[in-house]
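# Structural overview
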Amino acid sequence: MDTIWTLRDYAAERQVEIPGAEKNYTVRFATMEAMIRAAGELVDLFETWENQHVFCMDVNQDMFLFDSKTGRLTFQAEKNIRGRGLELTEEQRIGFYSAPELVLGEIVSVTAETQNWTLAMLLFALFYHGGGHPLSGALSFSQIFMEPQDEYRWYATDGFFNMEENTCKNRPIHGIQGHLIRYWEYYPEVLQKAFTETFLHGKEEPERRLSARQWKTVLNEMRAAMPCGCGYNGFIDTYQKAANGNYSCPRCGKIFYALSCGERHIYISNETQIYRWQLEPDQPDNQEVVAVVVENKQRKGIFGVKNMSDEVWKVMFPNQTEREVTRNQGAPIWPGLSITLPDGDVWKIQ
């Protein structure tokens, strides 16, 4: 069976007939990790275009191919790449993935903000398996559009984000936007907030649309909330939560401890790696492993956080005694223990 499929295939969860098989094959990513990797590769591509001041003309889902096992992206429309200063015709401006200000002719060239809109549109299709236009719903389906361009103009003028939680005026339609309804609550809240920021507030305020770099932070937070390696694809908020704030995987029962700094949380268990981007969100590309959770060699079932960096931690134990932890040394995972990093951030174990 092929492993390379277009974004359109994934968005539609396309059914593929397999000779001799009782059931069709459904095009999906093999793991949630692969899916988030795919989203990250798409974000990386748009960041590259932003740095080069270019854009893709006539974007469509068939341009983007992903490996279902790894999430690796292949872009196959290099001929559509143009310099961002190009003045677009009306026909070139008005498209499904075009930002409202381009559709309405308020600007005639692609900008960083219009690119951010297009990126969010593609990510919306990737995560919500189609879902239609993010501004389509009960309001748009009550309209009659003679041409696709009329529909796109309507989105630009009267469209309203269909997953905005404080109003029901443009709710998605069951039977038509079922994938969106089904998957919206499945993903962590950070993803919901990102799309709301772009499609609700960013419709009228382009500067509020998430940039590629901001999307990297969102995807990193999603990775951090999906820790179990047993094959369970749920995120941490679907795990069983204990009164002490710890979590257990509903599939294998593995315990995860919450390591917290204010509103930021890292969920750790045996062999969990902690990356620089988790400690410093302003460095979303930094994949340095700064710590790893290991099991005590003498006392099975007892775990600690091992310092893999050249920094010196200051550890406060529950009995208020302190000691420094340098490279290759560790601190036990005890409730009430805190680790102060050189930048002053204090991480506490619940």
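For the structure given in this document, a descriptive report is provided here.

The rules behind the values
- Residues numbered from 1 in each chain as written.
- Predicted model: local features only at pLDDT ≥ 70, side-chain atom pairs only at ≥ 80, totals over all residues.
- Heavy atoms only, no water.
- Pairing = 2+ DSSP bridges.
- Helix = DSSP H or I, 4+ residues; strand = E, 2+ residues; numbered from the N terminus.
- Axes fitted to C-alpha atoms, helices over the stretch in contact; angles between N-to-C directions.
- Core = buried A, V, L, I, M, F, W, Y, C linked by side-chain atoms within 4.5 Å.
- Buried < 20%, exposed > 50% of the residue type's maximum accessible area, 1.4 Å probe, protein only.
- Contact = heavy atoms within 4.5 Å.
- Disulfide = S-S within 2.5 Å.
- Parallel < 35°, antiparallel > 145°, perpendicular 65-115°, else oblique.
- Left-handed = near helix turned anticlockwise from the far one by under 90°.
- Phe/Tyr/Trp six-rings, centres within 6.5 Å; stacked < 30°, edge-to-face > 60°.

## Remarks on the sheet that holds strand S12 (residues 273-275)
In space, the 4 strands of this open sheet follow the order S12-S13-S14-S17, with antiparallel pairing throughout. Each of the sheet's edge strands pairs with one partner strand only, and the pair in question is S12 and strand S17 (330-332). In this sheet, neighbouring strand axes are inclined to one another by 20 degrees on average, regardless of whether the strands run parallel or antiparallel. Taken together, the 3 bridges between strand S14 (residues 303-307) and S17 define a ladder with antiparallel strand orientation. Bridge pairing in S17 places lysine 306 opposite glycine 330.

## Focus: the nonpolar core
Grouped together as the largest cluster of nonpolar side chains are 74 residues, with contacts concentrated most on Phe64, Phe127, Tyr128, Tyr187, Phe195, Trp215 and Met222. For this core, the element with the highest residue contribution is helix H2 (residues 32-52), accounting for 11 residues. When near neighbours in sequence (up to four residues on either side) are disregarded, tyrosine 128 contacts His179, Leu180, Tyr183, Trp184, Tyr187, Leu191 and Phe195. Within the second largest apolar cluster, 21 residues are counted, among which are Val305, Trp313, Ala331 and Ile333.

## Regarding the state of the cysteines
Tallied over the full model, the rule gives 0 disulfides. The cysteine cysteine 230 is free of any disulfide, with cysteine 228 supplying the nearest cysteine sulfur at 3.4 Å.

## So, unusual backbone geometry
A positive phi angle, close to 45 degrees, is found at glutamate 13, a residue other than glycine. As for its position among the elements, glutamate 13 is in the loop between helix H1 (7-12) and strand S2 (15-16). The exposure class assigned to glutamate 13 is buried, which follows from its relative accessible area of 8%. Even without a glycine there, the phi angle at asparagine 328 is positive, about 70 degrees. Within the secondary structure layout, asparagine 328 lies in the loop between strand S16 (322-325) and S17.

## Observations regarding the environment of proline 284
Relative to the elements of secondary structure, proline 284 occurs in the loop between helix H11 (276-279) and strand S13 (289-295). Under the relative-accessibility criterion, proline 284 is labelled buried at 4%. In sequence terms proline 284 and histidine 133 are 151 residues apart; their C-alpha atoms lie 28 Å from each other. Among all residues touching proline 284, those that are not within four sequence positions of it are Arg213, Lys216, Thr217, Asn220 and Trp277.

## Concerning the sheet that holds strand S1 (residues 4-6)
Strand-to-strand pairing in sheets goes through backbone hydrogen bonds, with the strands running parallel or antiparallel. One open sheet holds the 3 strands; their spatial order is S1-S5-S6, and the pairing between them is antiparallel. This sheet does not close on itself; its edge strands, each paired only once, are S1 and strand S6 (73-75). Each strand of the sheet is rotated relative to its neighbour by a mean of 30 degrees, with strand direction disregarded. As defined by bridge partners, S1 adjoins strand S5 (residues 64-67) across 3 bridges and the pair is classed as antiparallel. Within the sheet, the bridge partner assigned to tryptophan 5 lies in S5 and is phenylalanine 66. Sitting on the sheet, H2 touches S5 and S6, and the angle it makes with S6 is about 40 degrees.

## So, the environment of lysine 254
For lysine 254, the location among the structural elements is in the loop between strand S9 (247-248) and strand S10 (255-261). Once the C-alpha coordinates of lysine 254 and glutamine 76 are considered, the two residues, 178 residues apart in sequence, prove to be 42 Å apart. In contact with lysine 254, not counting residues within four places along its chain, are Tyr247, Ser248, Cys249, Ser269 and Asn270.

## Some details on the packing of H2 against helix H10 (residues 212-224)
Between two packed helices, what matters for the description is the angle formed by their axes and the separation of those axes. The contact between H2 and H10 brings their axes to 9 Å, and the two run at 165 degrees. Taken together, H2 and H10 sit at an angle that is classed as roughly antiparallel. Crossing of H2 against H10: the hand is left-handed. Between H2, through Ile36, Arg37, Ala39, Gly40, Val43, Asp44 and Glu47, and H10, the contact on the second element is made entirely by Ala212, Arg213, Trp215, Lys216, Leu219, Met222 and Arg223.

## Quick word on the packing of aromatic side chains
In the structure shown here, the tally under the stated rule is 33 aromatic pairs. Note on tryptophan 49 and phenylalanine 75: the rings are 5.2 Å apart at their centroids and 70 degrees apart in plane angle, and the pair reads as edge-to-face. Taken together, the positions of tryptophan 49 in helix H2 and phenylalanine 75 in strand S6 put the pair 26 residues apart, joining distant regions of the chain. Neither residue differs from the other here; tryptophan 49 and phenylalanine 75 are each classed as buried. When the ring of tyrosine 128 is compared with that of tyrosine 187, the centres are 5.7 Å apart and the planes differ by 75 degrees; the resulting orientation is edge-to-face. Taken together, the residues tyrosine 128 in the loop between helix H5 (112-127) and helix H6 (138-141) and tyrosine 187 in the loop between helix H8 (178-184) and helix H9 (189-201) connect sequence positions 59 residues apart. Relative accessible area serves as the criterion here: at 1%, tyrosine 187 is assigned to the buried category.

## Remarks on the side chain of serine 269
When you line up the elements, serine 269 lands in the loop between strand S11 (264-268) and S12. With near-sequence residues (within four places) excluded, serine 269 lies in contact with Lys254, Ile255, Phe256 and Val293.

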